[in-house]
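What follows is the residue order along each chain.
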Amino acid sequence: MSLSMEDSYVRHVELLGFEKRFFPSQHYVYMLMVKWSDQSEKLIYRTYPEIHTFHKSLKEMFPIESGQIEKRDRIIPSLPAPRWVDSQKSRESRQNTLAEYCHLLVNLPPHISRCKLLSAFFKVRPEDENPPAPNTLKRNETFVESRELARGVASEISGPIILDTYRVIADFQKTSKHEINLRMDDLVEIVEKNPNGWWFCQCESKRGWVPASYLEPLDGPEEAEDAEPDYEGELHVTVQVYKAEHDDEITLELGETVEVIHKLLDGWWVVRKGDETGHFPSMFLQKAGKRERQEAERSIPRGQKPPPRRSTIRNAKSIHSKARQRLSQDAYRRNSRRYLQQKGGRLAEPQRNPQSSAKSPLHERKNQGNVPDRSVKEAPAVPPRPSPELILQRCTDTTRKRVSVHKARANTTC
């Protein structure tokens, strides 16, 4: 009799390689083949921040075995940066790799290796079987282990990950155990860029979450630092209440549907609700659908709050001060209204003066040089009135009776 999935435990974990993904933002996932005690084998994908958070939770669950009471009692392996995660700044050799860590982990005493925390982490998820849709502009890059390494425990991966290096533009003091302290001009390597404005970084031996607003690229990043506004809007639902603290922010209750019109790097997106716009924490937003909800829940480390906004960082030397001019909420509302009016959207207000539309800046730009405006469609021609015979063919019995009575009266009058 085979064990059920609930009773089965992880027997072996094999590292197959890693994949660089660009959706929903740039990050890496490790491909792990998990072999269970019921003889089943499942391929899963986990990010390094996920593995790191799991490792810290495991140490909290087993303080003695993690050496927190007495260092000599430690049997839980350490989790340094994997050997194949190189940086532009340094290529320091590591003693252990992720493959070795997994090998040591599943061979620990049963009270650890078969605990619910470990089993739940390695259990296959819906997105493991159906990965998120890739960015249409960039394809995922997959790196697999070489044939020679497949015979034994993988200690290296072909094509090492080269992490982007960023500079810290101001001192940052952590406010939770998941974050790290940084000083101005520190160099950090970016392991994961989360759209919520928190990036997972490593700075020498420290690893943790850092607000993206405190970082600037040494060279040019692979993607634009900030996307352009999209006034068509993308539907999201609020998953947490937020009360505006500044004039350019917006207060929203739980479960409200809004349209995201500008996804900013610092995790404070500009949203539209009706004719109102304002900055709102992206970590309190999610797209509709079950999978997106699950991803949103995992993307927020426990106890983490919205990151500080870029506008609160003061550093004259930062390249952020040289970025394009920030849009005001009035500009967002004005551009949004123009876009929706042009598309025939629901925010198009009835014009009190028909002549005023011809003088709008948008209309003037389109008609410079007396170029005819082809976007304005002519009114359709009024169709000809159908013949009485055709009407009688298609009308109801009641209408036919009324027509026959009317004709009878007309003939009598004549």
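Residues numbered from 1 in each chain as written. Predicted model: local features only at pLDDT ≥ 70, side-chain atom pairs only at ≥ 80, totals over all residues. Heavy atoms only, no water.

Novice: Mind showing me how you'd approach the pattern of salt bridges here?
Specialist: Note that side chains of opposite charge can pair when their charged atoms are close. Here the structure, examined in full by the defined rule, presents 12 salt bridges. Here Asp248 ties to Arg309 by a salt bridge, and the two come within 2.8 Å at their closest N and O atoms. One end of the pair, Asp248, is in the loop between strand S11 (234-238) and strand S12 (257-262); the other, Arg309, is in the loop between helix H7 (290-299) and helix H8 (329-343), with 61 residues separating them in the sequence. A relative accessible area of 5% means that Arg309 is categorised as buried. The closest approach of N and O atoms between Glu256 and Lys273, which form a salt bridge, is 3.3 Å. One end of the pair, Glu256, is in the loop between S11 and S12; the other, Lys273, is in strand S13 (residues 268-273), and 17 residues separate them in sequence. Through salt bridges with shared partners, one network takes in Glu234, Lys263 and Lys287. (Salt bridge = Lys/Arg side-chain N within 4 Å of Asp/Glu carboxyl O. Helix = DSSP H or I, 4+ residues; strand = E, 2+ residues; numbered from the N terminus. Buried < 20%, exposed > 50% of the residue type's maximum accessible area, 1.4 Å probe, protein only.)

Novice: Mind showing me how you'd approach the nonpolar core here?
Specialist: What tends to happen in soluble globular proteins is that the nonpolar side chains get buried as a cluster. Core analysis: the largest hydrophobic core is formed by 64 residues, its most contacted members being Phe122, Val188 and Leu215. Of all the elements, helix H2 (residues 98-106) adds the most residues to this core, at 6 residues. Not counting residues up to four positions away in its chain, the partners in contact with Val188 are Asp164, Thr165, Tyr166, Val168, Leu182, Cys201, Gln202, Cys203 and Leu215. Residues Tyr231, Ile261, Leu264 and Val270 belong to the second largest nonpolar core, which totals 5 residues. (Core = buried A, V, L, I, M, F, W, Y, C linked by side-chain atoms within 4.5 Å. Contact = heavy atoms within 4.5 Å.)

Novice: How do you make sense of the pairing of S13 when you look at a structure like this?
Specialist: Strand residues, when the strand is regular, have side chains that alternate between the two faces of the sheet. Most of S13 is tucked away: 5 of the 6 residues are buried. In this sheet, S13 lies alongside S12 in antiparallel orientation, the contact comprising 3 bridges. In the strand pairing of S13, Val260 is matched with Val271. Counting the residues between successive antiparallel strands, the hairpin from S12 to S13 contains 5 residues, one of them, Gly267, with a positive phi of roughly 85 degrees. Pairing of S13 with strand S14 (residues 276-281) involves 6 bridges; the strand directions are antiparallel. Across the sheet, the residue bridging to Val271 is Gly278, located in S14. Once S13 ends, the chain turns through 2 residues before running back antiparallel as S14, passing Gly274 with a positive phi of about 65 degrees. (Pairing = 2+ DSSP bridges.)

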